[in-house]
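# Topology and contacts: notes
Residue strings, one per chain:
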Amino acid sequence: MSGETPDDALARLRSGGLKALAELFTEHRDRLERMVRFRMDRRVSSRVDVADVLQEAYLDAAKRVEAYLARPEAPFFVWLRGIAANTLADIHRRHLGAELRDAARDQSLYAKAPEASSELLAAQLAGHLTSPSQAAIRDEAAAKVEAALREMDEIDREVLALRHFEQLSNNEVAEVLGLSKTAASNRYVRALGRLKDILLRAESGESG
């Protein structure tokens, strides 16, 4: 994660213009790529390369950076992630069309990026929270986690996705979701605690 502070980024942008934007984009590229890979629909990933999504996002950021500098309402990375998230959402709409509109009720109400599926989120959480040598247990745990995730509020699933897999800080999660820092932290701890309880029951052979 970059040690850049919001004021550092703004100062660099104001003094360096598009050259500074290109440098900052490169510094944050790994984090943006992680978000795109995690949230890209499988039907789209076979047609569109992650690098193409990021290139389109950069071009959009270059068009919008002057407006951002005139009114920087979010830290630079949160703003940049929002550009990339909207770009990915637009690409989903272009490639999936009616399929995506039909599934609109399943999209997150809180994040601008397409919502990570419960199946993918469950599989990754189970992989992080169980021993790699316990493959059968991990598969069982993933099924239990997925069932629990489907019962959770969308915003709690988003908190887990943002913290665990996009590796955003708590402050960044709060900015992305429009929560207070305390609320974002509390939601993360509560949601992760619930999932850990489910995994512990799975590993001990208890029923849900």
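Not measured: the values here are computed from a predicted model.

## Quick look at the packing of helix α2 (residues 29-39) against helix α9 (residues 154-165)
- It is the contact of α2 with α9, at a shortest axis distance of 11 Å, that shows an interaxial angle of 135°. Considering the angle they form, α2 stands oblique to α9. Crossing geometry of α2 relative to α9 is assigned as right-handed. On α9, the residues that touch R34, F38 and R39 of α2 are E158, A161, L162 and F165.
- Looking at the contact of α2 with α9 residue by residue, the classes come out as four nonpolar, no polar and three charged.

## Notes on the pattern of salt bridges
- In total, this model carries 15 salt bridges according to the counting rule given.
- The salt bridge partner of R12 is E23, with a shortest N-O separation of 3.7 Å.
- Here E23 falls in the partly exposed class, since its relative accessible area comes to 35%.
- Linking E23 and K19 is a salt bridge whose minimum nitrogen-to-oxygen distance equals 2.7 Å. One end of the pair, E23, and the other, K19, are both in helix α1 (residues 6-27), four residues apart, so they sit about a helical turn from each other.
- One salt-bridge network, in which partners are shared between bridges, spans R12, K19, E23 and E27.

## Considerations on the side chain of E158
- Here E158 shows up in helix α9.
- Residue E158 is classed as buried on the basis of its relative accessible area, which comes to 1%.
- Of note is the side chain of E158, whose polar atom sits 2.9 Å from the side chain of R39.

Rules behind the numbers
- Residues numbered from 1 in each chain as written.
- Predicted model: local features only at pLDDT ≥ 70, side-chain atom pairs only at ≥ 80, totals over all residues.
- Heavy atoms only, no water.
- Axes fitted to C-alpha atoms, helices over the stretch in contact; angles between N-to-C directions.
- Helix = DSSP H or I, 4+ residues; strand = E, 2+ residues; numbered from the N terminus.
- Parallel < 35°, antiparallel > 145°, perpendicular 65-115°, else oblique.
- Left-handed = near helix turned anticlockwise from the far one by under 90°.
- Contact = heavy atoms within 4.5 Å.
- Nonpolar A, V, L, I, M, F, W, Y, C, P; charged D, E, K, R; others polar.
- Salt bridge = Lys/Arg side-chain N within 4 Å of Asp/Glu carboxyl O.
- Buried < 20%, exposed > 50% of the residue type's maximum accessible area, 1.4 Å probe, protein only.
- Polar contact = N/O pair within 3.5 Å; in protein donor to acceptor, adjacent residues only side chain to side chain.

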